[in-house]
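# Residue-level structural notes
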Amino acid sequence: MLTLGIETSCDDTAAAVLRDDNTLLSSVLSSQDHIHTRFGGVVPELASRKHLESIVPIVHEALDRACVTHSDIDLIAVTQGPGLIGSLLVGFNYAKALSSVSRIPFVGVDHMAGHLLAVFLEEDKPAFPYIALIVSGGTSSIYLARSQTSFLLLGRTRDDAAGEAFDKVAKILGLPYPGGPHVSAEAGAGNSAAIKFPRAWLGRSLSIHGSHASSIPGARDTWPSGACASGTGPSMAVEEDSLDFSFSGLKTSVLNHCNQSRQMGLPLQIPDICASFQEAIVDVLVEKTMLAARKHNIRTIVLGGGVSANPRLRESMLKRCRQEEKAFFVPRPSFCTDNGAMIALAGFYYSRHSAPGSYDQDVYSRSQL
Ligand code: KG4
């Protein structure tokens, strides 16, 4: 059985052909980074217009590289949401049209399910159940994955996603979009202990790791004293062992640090800022994932989503998994960022338990998982 996977949730047009034994026959992607980089973020209308141009050639290329034609395809799996509505509509309507004309069934796939299962594209596959940290430009969530089609949401960001924070900090520092890889590259030459950026633990048991003061002499703390239990300011509720995230305060703290440095006539130490910011994000992501595993007594950790391409996150998670004797799985970077292969895979599993898609289905902007 062959599945054609189609992904257009944000700014990458991607397609892949996957055999039911998880053998990937092709995976192609057209990136729009060059279009959005000068705006410092994705411009939704430009993204959907570019998908319109790319969708047909990208699907044809995926079929050609797999040495198959439309008539060889048994199932079309397409991202139904979450994402940018205009972008999703291009892929979803293309899949419906192809399904109608070719009489091939289609399934709408939740993009998060793709990230949660992308690790199964690798040789080394985890066993269920596992705790999955999914971190991308649009989401930061922790799930308990119980099977290929059963996922329990344990925690998620209350404001910015981790990738969004990377992208916004890159913009503050004048680095290109998408910011994650650039911040990560700058961080390689910096000192992660140079600036004490805050960690929003949102819970008492982890708050001992938190820190709030800016390192600039004479500068004011980012938040008033007394907010230290949560690290998120006085308005945020403090819960025991919350698995939620909050990254908007960290982003603001970086902005404040840069403004204060400029006001004091100090040069911006970009590598140190990047390394210290990255460390603050990675600390929270890793510790909350380990907390989720302890709480639910799970021995396997999986990473997914674009930010999991970050070398420091991968390294830090591996180290903590070894310390706590957990098995750790992460896909190669090209399967961490958006791709058609993970959508084909998730759609294949989904189709074994559910009826095919119907032509009156619509796309959605928020994950249903
Ligand atoms: O999953 P993805 O390709 O797209 C969606 O958000 O759906 O993730 C893209 C995000 C961007 O925010 C990008 O800056 C971030 O992943 N990213 C990284 C790295 N590579 C990509 N963030 C940190 N370090 C990286 N090496």
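Up top is the structure.
Now for a look at the structure at hand. As the structure is a prediction and not an experimental result, all values here were calculated from the model. (Residues numbered from 1 in each chain as written. Predicted model: local features only at pLDDT ≥ 70, side-chain atom pairs only at ≥ 80, totals over all residues. Heavy atoms only, no water.)

## Some details on the overall build of the protein chain
In terms of helices and strands, the protein chain carries eleven helices and ten strands. Scored against the burial criterion, the 369 residues of the protein chain give a buried share of 54%. A total of about 15,300 Å² of accessible surface is found on the protein chain, and carbon and sulfur atoms cover 51% of it. (Helix = DSSP H or I, 4+ residues; strand = E, 2+ residues; numbered from the N terminus. Buried < 20%, exposed > 50% of the residue type's maximum accessible area, 1.4 Å probe, protein only. Areas by Shrake-Rupley, 256 points an atom, 1.4 Å probe, with all protein chains shown as cover.)

## Points about the pattern of salt bridges
A full pass over the atoms with the stated rule returns 15 salt bridges. One salt bridge connects R19 with D21, and the closest N-O pair in it is separated by 3.3 Å. R19 sits in the partly exposed class, given a relative accessible area of 33%. E324 is the salt-bridge partner of R320, the closest N and O atoms lying 2.9 Å from each other. Judged by its relative accessible area of 22%, E324 falls in the partly exposed class. Connected through shared salt-bridge partners, D160, E164, K168 and K251 make up one network. (Salt bridge = Lys/Arg side-chain N within 4 Å of Asp/Glu carboxyl O.)

## Details of the packing of helix 5 (residues 162–172) against helix 7 (residues 248–263)
In contact at an axis separation of 9 Å, helix 5 and helix 7 are set at 10 degrees when each is read in the N-to-C sense. Here helix 5 is positioned roughly parallel relative to helix 7, judged by the angle of their axes. Residue-level inspection shows K168, V169 and I172 of helix 5 in contact with helix 7, the latter providing K251, V254, L255, C258 and R262. When grouped by side-chain class, the residues that make up the contact of helix 5 with helix 7 number five nonpolar, no polar and three charged. (Axes fitted to C-alpha atoms, helices over the stretch in contact; angles between N-to-C directions. Parallel < 35°, antiparallel > 145°, perpendicular 65-115°, else oblique. Contact = heavy atoms within 4.5 Å. Nonpolar A, V, L, I, M, F, W, Y, C, P; charged D, E, K, R; others polar.)

## Considerations on the packing of helix 5 against helix 8 (residues 270–295)
With their axes 11 Å apart at the nearest point, helix 5 and helix 8 run at an angle of 175 degrees to one another. Relative to helix 8, helix 5 is oriented roughly antiparallel. Touching A162, A165, F166 and V169 of helix 5 are F277, Q278, I281 and L285, all from helix 8. Class assignment of the residues belonging to the contact of helix 5 with helix 8 gives a composition of seven nonpolar, one polar and no charged.

## Describing the site of the ligand
Among the 19 residues in the neighbourhood of the ligand, the closest are listed as G137, D167, G180, N310 and D338. One nitrogen or oxygen atom from the side chain of D167 is found 2.7 Å from an oxygen atom belonging to the ligand. Within the backbone of G180, one N or O atom sits 3.0 Å away from an oxygen atom of the ligand. For the ligand, the accessible surface in isolation is 550 Å², of which the surrounding protein chains cover 89%. Contributions of two or more residues to the shell around the ligand are made by helix 4 (111–117), helix 5 and helix 6 (179–187). (Near = heavy atom within 4 Å. Polar contact = N/O pair within 3.5 Å; in protein donor to acceptor, adjacent residues only side chain to side chain.)

## Details of the packing of aromatic side chains
Taken as a whole and judged by the stated rule, the model has eight aromatic pairs. On the numbers, 5.8 Å between centres and 80 degrees between planes, the contact of F92 with F106 is edge-to-face. Remark: F106 occurs in strand 5 (residues 106–110) and F92 occurs in helix 3 (residues 85–102); sequence separation between them is 14 residues. Residue F92 is classed as buried on the basis of its relative accessible area of 1%. A relative accessible area of 0% places F106 in the buried class. Ring geometry for F106 against Y359: centres 5.8 Å apart, planes inclined by 20 degrees, an arrangement best described as stacked. With a gap of 253 residues between them, F106 in strand 5 and Y359 in the segment after helix 11 (340–353) connect regions that are remote in the sequence. Every member of this aromatic cluster is reached through a ring pair, and the members are F92, F106 and Y359. (Phe/Tyr/Trp six-rings, centres within 6.5 Å; stacked < 30°, edge-to-face > 60°.)

## Side note on the environment of G190
Turning to its location among the elements, G190 is positioned in the loop between helix 6 and helix 7. A relative accessible area of 26% means that G190 is categorised as partly exposed. As a C-alpha pair, G190 and S276 span 86 residues in sequence and 8.0 Å in three-dimensional space. Aside from chain neighbours lying at most four places away, what touches G190 is P271, D272 and A275.

## Looking at the sheet that holds strand 1 (residues 2–7)
Spatially, five strands are ordered 3-2-1-4-5 in an open sheet, and the strand pairing comes out mixed. This sheet does not close on itself; its edge strands, each paired only once, are strand 3 (24–31) and strand 5. Strand-to-strand twist in this sheet, taken as the mean axis angle between neighbours without regard to direction, amounts to 20 degrees. This element, helix 3, spans strand 1, strand 4 (75–81) and strand 5 of the sheet and lies at about 155 degrees to strand 4. (Pairing = 2+ DSSP bridges.)

## Focus on the pairing of strand 9 (residues 300–304)
Among the five residues of strand 9, five are classified as buried, and the element is accordingly described as predominantly covered. Here strand 6 (residues 130–135) runs beside strand 9; their pairing, made up of four bridges, is parallel. Considered in strand 9, the bridge of I134 is made with G304. Where strand 9 lies against strand 10 (residues 327–329), three bridges are found, and the strand directions are parallel. Bridge pairing links I301 to F328 in strand 10.

Geometry only, nothing functional implied.
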